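Single-letter residue listing:
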Amino acid sequence: MADESGFAPPPFDAARALEQFKRALRDLRLAERGGGFELCGRRVAEAAIDGGAVAVRIAKRPMLTPEWDRYAIRSAADQRKALDELKKRLGRWEREE
């Protein structure tokens, strides 16, 4: 969809967004294991392509069997929002320890 200037953003590329998201999680020092990302041996995030979007699950708390919040990444803004939420939770979990 073009804006007033006639510029249309490039179409969303889920595969590329997934790779960027995984790289960002590794930059946060999360260990990638079996399709998920762990903090101190506890799974805190998972990401996979689902149709034309990236399906992300972020743990509410780092536990052996966590409860999950689900996010669908369909744009760069959605990706930033999911990463910001994960960063916020990581900071909270570090303060609790």
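Coordinates for the structure precede this section.
Described in the following lines is the structure provided in the data block. Sequence positions are assigned chain by chain, starting from 1 and proceeding in written order. pLDDT decides what is reported in this predicted model: residues at 70 or higher carry local features, side-chain atom pairs at 80 or more are listed and counted, and totals for whole chains, interfaces and linings draw on all residues regardless. The side-chain numbers reported here are obtained from all heavy atoms of the structure, hydrogens and water having been left aside.

## Observations regarding helix α1 (residues 14-27)
Working definition: helices are DSSP H or I runs of at least four residues, strands are E runs of at least two. Numbering for both runs from the N terminus. Expected span of a helix: the number of residues minus one, times 1.5 Å. Here α1 contains 14 residues, and its C-alpha end-to-end distance of 20 Å stays within 8% of the 20 Å for a straight helix at 1.5 Å per residue. A 1.4 Å probe rolled over the protein chains alone gives each residue an accessible area, and that area as a share of the maximum for its type sets the label: buried under 20%, exposed over 50%, partly exposed in between. For α1, every residue scored as buried is listed here: Ala14, Ala17, Leu18, Phe21, Lys22, Ala24 and Leu25. Along the axis of α1, the buried positions cluster into a sector of 160°, meaning they face one direction only. Turned more than 90 degrees away from the buried face of α1, the exposed residues are Arg16 and Asp27. Only heavy atoms enter the contact rule, under which two residues are in contact if any of them lie within 4.5 Å. Residues of α1 that are buried in the fold lie against β1 (31-33), β2 (36-39), β3 (42-50), β4 (53-59), β5 (68-73) and α2 (76-96). By definition, the arc is the one covered by directions from the helix axis to the C-beta atoms.

## Some thoughts on the pairing of β3
In this structure, β2 lies alongside β3, joined through four bridges in antiparallel fashion. Within β3, the residue paired with Leu39 across the bridge is Arg42. Should DSSP find at least two bridges between two strands, the strands are taken to pair. What sits between β2 and β3 in their antiparallel hairpin is a turn of two residues, with Cys40 showing a positive phi close to 55°. Pairing of β3 with β4 involves six bridges; the strand directions are antiparallel. Within β4, the position partnered with Ala45 by the bridge is Ile58. Hairpin connection from β3 to β4: two residues lie between these consecutive antiparallel strands, with Gly51 at a positive phi of about 70°.

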